[in-house]
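# Close look at the chain arrangement
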Amino acid sequence: METSFIYERFDGPAGIGIELVYGGENHSPKLWKILARQIWTENAPEGAYRVIEHTEAGAPLQVSDLDSLCAQRISVSHTASVFAVASRETAGSTEEFQESAMLGVDLEAASRQQALKVRERYLSPEELALIPADDLTANVLAWTCKEALLKAGMDPKVDIREALRIERLPLPIAPGKSAGAADLGKGSVTADGRNYPLTLVTYRLRLATLRTPEYLLTLAY
């Protein structure tokens, strides 16, 4: 199936905006990534032209031509067919780690079987007991939670099993829906010798134009 690119935006919790670019599956992976990023670049809500730069630690920043001196912390994730960017107005603009800037996003195809095969690599013993070994959705969800927590902590060298903890998995909700208390997950990140509790929210994306139509997108904030 050949599809054109589609750009969408919806509001998440805590003032977090989520932008999606998907489609274009007829393009090669390398060209697809270039085109998806360009479409995101040209679709700023305020009409600006924006680019993605990075801190020394590798965390992405959004820089706009409207104010080149003010860089906004964002989080980015992509698969073979979907590009996602989460942004938070309160995320801050410094190069250093700050609690107020903690934001992570990750998305995966809901059918990704690899999550079952490698769960011992990214889940702690307590998490392995919490998440059934044969539940594909729960394991893909846990994968996205861990990746979102990793990005929120801004340190790619941490022990993903021990420094990033899932205490409760979120319940997937529809894009744009307000998450209730029962929908929220709980996690934490250990950074700089401190433990930071974070909220987890997952959206179930049904993108009917794609060959793989269902994805799970998780925010950690």
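Since the model is a prediction, treat every value here as computed from it, not as a measurement.

Of all five residues in strand S4 (residues 60-64), five are buried, a share of seventy percent or more. Residues Pro60, Gln62 and Ser64 of S4 are buried on one face, and the alternating residues Leu61 and Val63, pointing to the opposite face, are buried as well. Two elements, strand S3 (residues 50-54) and S4, share five bridges in a ladder whose sense is antiparallel. Following the sheet pairing, Ile52 is matched in S4 by Gln62. Taking the residues that link successive antiparallel strands as the turn, the S3-S4 hairpin has five residues, and the phi of Gly58 there is positive, at about 100°.

We now examine the environment of Leu20. For Leu20, the position within the fold is in strand S2 (residues 16-22). Between the alpha carbons of Leu20 and Phe83 there is a distance of 5.7 Å; along the sequence they are 63 residues apart.

Turning our attention to the nonpolar core. Membership of the largest hydrophobic core comes to 29 residues, with the highest contact counts inside it found for Tyr122, Ala142, Leu149, Ile166, Leu169 and Val189. Residue assignment for this core shows that the elements contributing at least two residues are helix H5 (136-153), strand S8 (164-168), strand S9 (185-191), strand S10 (194-206) and strand S11 (214-220). The element best represented in this core is H5, accounting for 11 residues. Contacts of Ile166, omitting those with residues within four sequence positions, involve Leu123, Glu127, Leu130, Ala142, Cys145, Lys146, Leu149, Lys186 and Gly187. Counting residues in hydrophobic clusters, the runner-up holds 22 residues, among them Ile16, Leu207, Leu217 and Leu219.

Cut-offs applied
Residues numbered from 1 in each chain as written. Predicted model: local features only at pLDDT ≥ 70, side-chain atom pairs only at ≥ 80, totals over all residues. Heavy atoms only, no water. Buried < 20%, exposed > 50% of the residue type's maximum accessible area, 1.4 Å probe, protein only. Helix = DSSP H or I, 4+ residues; strand = E, 2+ residues; numbered from the N terminus. Pairing = 2+ DSSP bridges. Core = buried A, V, L, I, M, F, W, Y, C linked by side-chain atoms within 4.5 Å. Contact = heavy atoms within 4.5 Å.

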